[in-house]
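A structural walkthrough
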Amino acid sequence: MLQDTLRRYLSDKYDTKTRNTIIDSDKGFSPEIWAELAELGVIGALFTEEQGGFGGKGFDLSTVFEELGRAGVVEPFLDTAVLGGGLIAALGNDEQQALIEDLIGGGLQLALAHGEPVARYDLSRVETTAKESGGQIVLNGRKSVVVNAEAADHLIVSARESGDVADADGISLFLVPAGTSGLTLRGYPMFAGGHAAEVTLDNVTLPASARLGTAGKGLAALTDVIARANVALAAESLGAMETAVELTRDYLMTRKQFGRPIGTFQALAHRYSDLLIEMEQARSAVINGAGHLEDDPAERDLHGASMRNLIGRVGRLVAEESIQMHGGIAMTKEYELAHIAKRIVMTDHRFGDTDYHLERFIELSAA
Amino acid sequence: MDLNWNPEDIAFREEVRAFLDEKLPKEIAAKVKRRGDLTKADMERWHAILNEKGWLAPNWPKKFGGAEWNAVQKHIFEEECARAGAPRIVPFGLAMLAPVLQKFGSKEQQDYYLPRILNGDDWWCQGYSEPGAGSDLASLKTRAVRDGDHYIVNGQKTWTTLGQHANMIFCLVRTDPDAKQQEGISFLLIDMNTPGIEVRPIILLDGVHEVNEVWFTDVKVPVENLVGEENKGWTYAKYLLTHERTGIAGVGFSQAGLESVKRIAKAEQASGKPLIQNPHFAARLAKVEIDLMAMATSNMRIISRAQAGQAPGVESSMLKVKGTIIRQEINDLARRAVGPYAMPFPSEAVEGDNDPIGPDYAGPVSSAYFNNRKLSIFGGSNEIQRGIIAKVKMGG
C-alpha cells in the first residue's frame, strides 16, 4: 500500500533531472520532497506503534528503502529516522522521546556522529571522550564522515566515558543540539549524493540530561540501530540494482549496432541473464536479513552480515556490468544509471564493506 | 626468454629516470598523483619540456623529428612516466593522427601539420564515434558532400576527448552513402574555428568535463584537408588502430596504482592493525599483483616480438582486455582500502587551499574507480576485443 504510493510518488516527482538538481543544491537534499514524503507516511513506517509510528519491523524498513533505492533518493531517511530517530526511540527519556513526533511529521533532522578517522568500520573504537564534572559533561574529539550533520537539528555523538579505546563498555551517547559552542562542522557533498561533515568537538559542554540512556552502555543500542540500518542499506541497494537491471534490459533491447539490438548478441544476453540470477539471490538475502531483524542479536547479526556480504558482491557486479553493457552513455552524469551505480557502490562504504561483513559472518557462525 | 634487461635498456631507464627527476615539474606530478584536474596549460607545459628533449614523439621516425625508439624503450619510458606521476601524453595529434599523416598524408600536409603537432601549435581531437556509431563505428553517418573546392560537412560526433581545448579535429566522414559501409568513409582534417561547429560538454559521472559532443552544420572544409584518397578513410583509421599499441596494457599505470594501494593499506587501520595485514584485503591485493606480474611478462613478450618486426595483432586485443581488468581491479582495491573516506566528493570548492577532508590519498579514489570504468569501454570495448580474438583465432 505504502509501497505503491511511494513508488508512484517517486516515479512522478523524482526524475533524473530533479534529483540531479537536488544533489547540486547547497543543502544536498530537498526540504519539499522531505515534507511530502513525511506526509505520505514514509518516516512513520520506520517506527513502531509504541514509538508513535505504524511499522518499524524489518519488512517495513526493507519495503520503504527498496523504493527509495529504486529512485536513487538522496534525502537522509537513514540518518534522521533509522539511526538518529532509532536511538532516541530506544534510549530517550520522556523529554527526548518527544522529538519523535516532530521527526515523524518531517520537522526534525538528525545525524549520528559515531565514526572516527581511524575507526574504519569498528563500532567499539571510540576515542572521543566525555568527562563529567559538577553535573556537566564535556566532549572532546573528532568524528568523520557524519552524514547529514549540517542539516541536523541535533547530533547524536558517541563518546567514551571509561575503558580503553576499543572496549565495548564505556561508550555513551549524547544529544548535542546544532550550534552548541565548541562544535565545528566542515561540510562537503558526498560522491553519491547527500552531504556529510567532519565534526570537531572542542570542549563541547552539555548538561548531564543530554545523555541518551545509561552511561557507558551505548554500544548495545548502537549495534541495534546499525543492524536496522544494514537492512535499510541492503534494501536500498537492492532497489537501486533493480533500476540498473531494468535500464540495462531496455538499453539492450533498443540500442542497435551492426544492424540489430545489442541484446541479441549472446555474449551480452548471457551476462544480462547472470544479473537476473544474482538479483534473485540479492532479493532473498534482503528477505533473510529483514525477516531476522527481530531475532536475538546473535541470530540477527549473522543474517545481517550474510545479507550485507552478498549485497556487496552482487551490487558491484550489477553496477559494473550495467555500465559496461551500456557503454559510454552510462558514464554520463545526466543518465540515470550513473547515479544509481554510485548509490550501489557507495553502500559498501557504510557500516562495513563486503570483506568486513564476511569476517563478521565467519566470526558469528563460528560462535 | 631472457627476463633480464640488457645493459642498454638499464642505462636507458636510468637516463629516463634522471630526466624525470630533474624536469618533471613537481606541482604537475603532485596534481597527477592526487588526480587533480590538469589544465590545458599544464599539459602544454609538459609537452614542451618533452619536445625540448626530443622525447615528445617516441614512435615517430627521426626524419619527422621523432625519437624513433624501439618497443622496449617506449615501454620503459611509459613505465617510468607512470611511476613518476608524469601526465599522460595527449595522444590525439602525436600518437593517433601523426602516424596516419606520415603514412598516407601529402607532403604538404606532413610539412605543415607535423611540426605544429610537436610545437604545440595545434591541439587535435578525434572525431570518430557518433551517437549511433559506437562499437559499430563503420555505421557512422556524418556526411561530407563535395561542393567545388570544399566539402560541406553535416552531422554529430561524440565522446570527443578534450575537444574543449582543441583547435583541430580529424574526422571520419561519409563521402559515399551508396557504397558498402566501410568503403564510403573519408578522413578529413577540420579547423574547429570554422563556422558551423559547436562543441557541447558532456559531464561524466565523477563530475569532470573531459569529453564533448561536436556538432557540424554546413561546415566548409577545403578539399586539401582530405587525407589520402576519398572513400579510403576506413583503411587509414584501421592502420591507426593496429599501429601503436605497446602502451595498451597500461602496465606502468597498474604498477603505479598497485604501489599506491599498498601505501594506503599500510596507513589505514582495520581493527587496530594496518589494513595490509588483514587477510581478506591482503588476499585481494596478492591476487591482482600475481596477475600483474604475469601480464607484465606477456606485455614484454609481445613487445619483443614487435621489436623483431612482427606486428602485434590479436595480442593487442588480449593485452587490452586483461590490462583493463587489472587496472580496474586496482581502482576497486583503492576504493575499498580507504573505507568510509571513499564517500566524500572532494572538490576545489571544498578543499581549495585547505587540508584534504580525510587522508590525502583518499580524495581521488572514488573518482578513479568510476572514471576508469571507461577503460573497458573506449578504444574498442572489451566485448569488441573478445570478438576480434575469436574471429582471428577461429579463422573467421
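The rules we used
Residues numbered from 1 in each chain as written. Chains lettered and ligands numbered in written order. Predicted model: local features only at pLDDT ≥ 70, side-chain atom pairs only at ≥ 80, totals over all residues. Heavy atoms only, no water. UniProt positions renumbered as here; feature names shortened; annotations may be inferred. Salt bridge = Lys/Arg side-chain N within 4 Å of Asp/Glu carboxyl O. Helix = DSSP H or I, 4+ residues; strand = E, 2+ residues; numbered from the N terminus. Buried < 20%, exposed > 50% of the residue type's maximum accessible area, 1.4 Å probe, protein only. Contact = heavy atoms within 4.5 Å. Axes fitted to C-alpha atoms, helices over the stretch in contact; angles between N-to-C directions. Parallel < 35°, antiparallel > 145°, perpendicular 65-115°, else oblique. Left-handed = near helix turned anticlockwise from the far one by under 90°.

Looking at an unreviewed UniProt entry, one finds chain B named Pimeloyl-CoA dehydrogenase large subunit, with Seohaeicola zhoushanensis as its source organism. In UniProt, chain B has this text filed under Cofactor (unreviewed entry): "FAD".

Take the pattern of salt bridges next. Residues and elements named next belong to chain B. The final tally for this structure, using the stated rule, is 48 salt bridges over all chains. Arg 13 is the salt-bridge partner of Glu 80, the closest N and O atoms lying 2.6 Å from each other. Here the residue Glu 80 occupies a position in helix H4 (residues 71-84), and Arg 13 occupies one in helix H1 (residues 7-23), the gap between them amounting to 67 residues. Each member of the pair, Glu 80 as well as Arg 13, is classed as buried. In this structure, the salt-bridge partner of Glu 315 is Arg 305, at a minimum N-O distance of 3.2 Å. Of this pair, Glu 315 sits in helix H10 (residues 314-337) while Arg 305 sits in helix H9 (residues 279-307), placing them ten residues apart in sequence. A residue is classified by how much of its surface remains accessible, and Arg 305, at 31% relative accessible area, is partly exposed.

Mapped onto the elements, Ala 337 of chain B comes out in helix H10. By relative accessible area, which is 0% here, Ala 337 of chain B ends up buried. Spatially, the C-alpha atoms of Ala 337 of chain B and Ala 267 of chain B are 9.6 Å apart, while their sequence positions differ by 70 residues. With near-sequence residues (within four places) excluded, Ala 337 of chain B lies in contact with Arg 120 of chain A together with Ile 264, Glu 268, Leu 275 and Phe 281 of chain B.

Right, let's get into the packing of helix H7 (residues 218-254) of chain A against helix H8 (residues 266-291) of chain A. All names here are of chain A. Across the interface, H7 lies against H8 with an axial gap of 10 Å and an inter-helix angle of 160°. For the element pair H7 / H8, the angle class is roughly antiparallel. Note on packing geometry: the crossing formed by H7 with H8 is left-handed. Across the interface between the two elements, Val 231, Ala 234, Ala 235, Leu 238, Met 241, Glu 242, Val 245, Arg 249 and Leu 252 from H7 touch Leu 268, Tyr 272, Leu 275, Leu 276, Met 279, Ala 282, Arg 283, Val 286, Gly 289 and Ala 290 from H8.

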